[in-house]
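Close look at the chain arrangement
Take a look at the letters that make up each chain.
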Amino acid sequence: MNRLLSAALWLAITATAAFANGAIAERKTGGLVFKQSDTVSILREDLSVSLHKITVDYLYKSAAAAAQTVTIAFPMPGIPVNDDPGSLRETLPEGSPPENYMGFKVWVDGKEVKAEPFARALVNDRDVTEKITQAGLPLHMLVDDANALLKKVPKPELDELVALGAVGQGESYGEPAYWPQWDCQVAFEWQQDFRPGETKVSISYVPLAGYPADIGDSYEKGEWAEAACVDAAVRAALAKRKAKGTAYYEVATVGYVLTTAKYWKGPIRRFNLSVEKPDAAALAAFCPPEAKKVSPTRFEWQAKDFTPKADLSVVFYTFQEPE
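Now for a description of the structure that goes with this document. The shown structure was predicted, so the numbers you read here are calculated from the model rather than taken from an experiment. (Residues numbered from 1 in each chain as written. Predicted model: local features only at pLDDT ≥ 70, side-chain atom pairs only at ≥ 80, totals over all residues. Heavy atoms only, no water.)

1. Overview of the overall build of the chain
Keep this limit in mind: Helical segments are the DSSP runs of H or I of at least four residues, strand segments are the runs of E of at least two, and each set is numbered from the N terminus. Summary of the burial criterion: residues with accessible area below 20% of their type's maximum are buried, those above 50% are exposed, and those between are partly exposed, where the area comes from a 1.4 Å probe applied to protein chains only. Contact between two residues is taken to exist if any of their heavy atoms lie within 4.5 Å; hydrogens are not considered. Exposure was quantified through the Shrake-Rupley algorithm and a 1.4 Å probe, taking into account, for residues, occlusion by the shown protein chains and nothing else.
Regarding its fold elements, the chain presents seven helices and 18 strands. A total of 323 residues make up the chain; the buried ones form 48% of that total. Relative to all contacts within the chain whose residues are 6 or more apart in sequence, the contacts with residues 24 or more apart total 76%. When the accessible surface of the chain is split by element, carbon and sulfur atoms take 50% of a total near 16,000 Å².

2. Here we look at the state of the cysteines
Keep this limit in mind: Two cysteine sulfurs form a disulfide in these notes if their separation is within 2.5 Å.
Summed over the entire model, instances satisfying the criterion amount to one disulfide. Bridging Cys229 to Cys287, the disulfide has an S-S length of 1.9 Å. Disulfide Cys229-Cys287: torsion about the S-S bond near 100 degrees, hence right-handed. Taken as a pair, Cys229 in the loop between helix H6 (223-227) and helix H7 (232-243) and Cys287 in the loop between strand E15 (283-286) and strand E16 (292-293) lie far apart in primary sequence, 58 residues in all.

3. Examining the side chain of Ser62
Quick note on the threshold: Under the rule applied, a polar contact is a pair of N or O atoms within 3.5 Å (in protein, one hydrogen donor and one hydrogen acceptor; residues adjacent in sequence only if both atoms are side-chain atoms).
Tracing the backbone shows Ser62 in strand E2 (residues 54-62). Residue class for Ser62 comes out buried when judged on its relative accessible area of 4%. A polar atom in the side chain of Ser62 sits 3.4 Å from the side chain of Gln68. For Ser62, the contacting residues outside a window of four places in its chain are Thr39, Val40, Gln68, Phe194, Arg195, Pro196 and Gly197.

4. A look at the pairing of strand E12 (residues 197-205)
For clarity, the threshold we go by: Note on pairing: two strands pair once DSSP finds at least 2 bridges between them.
Pairing of E2 with E12 involves nine bridges; the strand directions are antiparallel. Along E12, the bridge assignment pairs Tyr58 with Val201. In this structure, strand E5 (residues 105-108) lies alongside E12, joined through four bridges in antiparallel fashion. Counted as the bridge partner of Trp107 is Ser202 from E12.

5. Concerning the sheet that holds E5
Each strand in a sheet pairs with another by means of backbone hydrogen bonds, the pair being arranged parallel or else antiparallel. Taken in spatial order, the eight strands make up an open sheet running E6-E5-E12-E2-E1-E14-E17-E16, and their pairing is mixed. Single-partner strands in this sheet number two, and they are strand E6 (111-113) and E16. Taken together, the two bridges between E16 and strand E17 (residues 298-306) define a ladder with antiparallel strand orientation. Bridging across to E17, Lys292 finds its partner in Glu300.

6. Topic: helix H5 (residues 155-164)
The cut-off we apply is this: The arc under discussion is defined with respect to the helix axis, by the directions toward the C-beta atoms.
For H5, every residue scored as buried is listed here: Leu158, Leu161 and Leu164. One side of H5 holds all its buried residues, which, seen down the axis, span an arc of 120 degrees. Residues Pro156 and Ala163 are exposed on H5 and point more than 90 degrees away from its buried face. Next to the buried residues of H5 lie strand E7 (116-123), strand E8 (126-127), helix H3 (129-134), helix H4 (146-151), strand E9 (167-172) and strand E10 (175-180). Following H5 by one or two positions, Gly165 adopts a phi angle in the positive range, close to 85 degrees.

7. Here's the deal with the pattern of salt bridges
Operational definition: One side-chain nitrogen of Lys or Arg within 4 Å of one carboxyl oxygen of Asp or Glu is enough to make a salt bridge.
Overall, the coordinates contain nine salt bridges when judged by the stated rule. For the salt bridge of Asp83 with Arg89, the shortest nitrogen-to-oxygen distance reads 2.9 Å. Given a relative accessible area of 53%, Asp83 falls into the exposed group. Under the relative-accessibility criterion, Arg89 is labelled partly exposed at 33%. Between Arg195 and Asp109 there is a salt bridge, with the nearest N and O atoms lying 3.2 Å from each other. Note that Arg195 is positioned in the loop between strand E11 (183-194) and E12 and Asp109 in the loop between E5 and E6, a separation of 86 residues in sequence. The class for Arg195 is partly exposed, based on a relative accessible area of 41%. Each of Glu276, Arg298 and Glu300 takes part in salt bridges that share partners, so that together they form one network.

8. Some points on the sheet that holds strand E13 (residues 249-256)
Cut-off, in case you're wondering: Axis definition: a line fit to C-alpha positions, over the contact stretch in the case of helices; interaxial angles, taken between N-to-C directions, run 0 to 180 degrees.
The three strands are arranged E13-E18-E15 in an open sheet whose pairing can be described as antiparallel. At either end of the open sheet lies a strand with only one pairing partner, and these are E13 and E15. Pairs of neighbouring strands in the sheet enclose a mean axial angle of 20 degrees, with direction left out of account. Looking at chain direction, E13 and strand E18 (residues 312-319) are connected through eight bridges and run antiparallel. In the sheet register, Gly255 faces E18, and the bridge partner there is Ser313. Here H7 sits on the sheet in contact with E13, E15 and E18, set at roughly 155 degrees to E15.

Take a look at the structure:
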């Protein structure tokens, strides 16, 4: 049995896109990862992206002479455990377990598979899980009074967490106050049998979309616009809306990691991408800009022998009519 290397387990995790003024940051997800394969290739990948759901169907082919059992991981993005917008406390749907904050599900050849969640704590990509657990703190920190719980941590350990940046320190009504400021991250792992021939793996989850604040025109031109291939047609559509008095729009971003395809043998033989807008009035921008509009809300793009050079970034523009 091939065992997933601990380093490879987390390679699919992308950095959080940073926004100021309390904006919620997009956190990309995606890419099945295991130790580099020289026998298993991706015959087909069908990726469907919307604001509220991501589904991906992989069709794999093993060229090995015998069945292989490997450990596969699907890393989820880290999510803050503080009380800020976009935190685990603010994001987790009511009744959902904290270890599955994105409703992750996986099926193999049509049968749902139980994937085990493995969590860790991160501070600026530094793993501080051991320090957090040694202090007797839950990684998700979904507690009624985080300050009170942190004050119960022995002073030397608490000071070390502060020095690491895992815990913030200040004052409240003249008393010392503490708050958690690490990210909790989960990877789902399961044993996967690849028989000689084809195997289908399907995944679905709810993305953690980004909702930047004070965007100005940064999603019409500049770095963010370039990452999502915002072109002249999109800018013209935005200008047309502005001319009609519907100048106010909100931006939401969704990302998906494509570059983990490098762990499999060769390119993706056939890649199909579909992007669904929230409504017909919304606009969407993503790479490649050659995607075809196939319905009032849906775009599609196909490629053969596809080797992703970058991850997917989708920008949705939603509009509100002036009062």
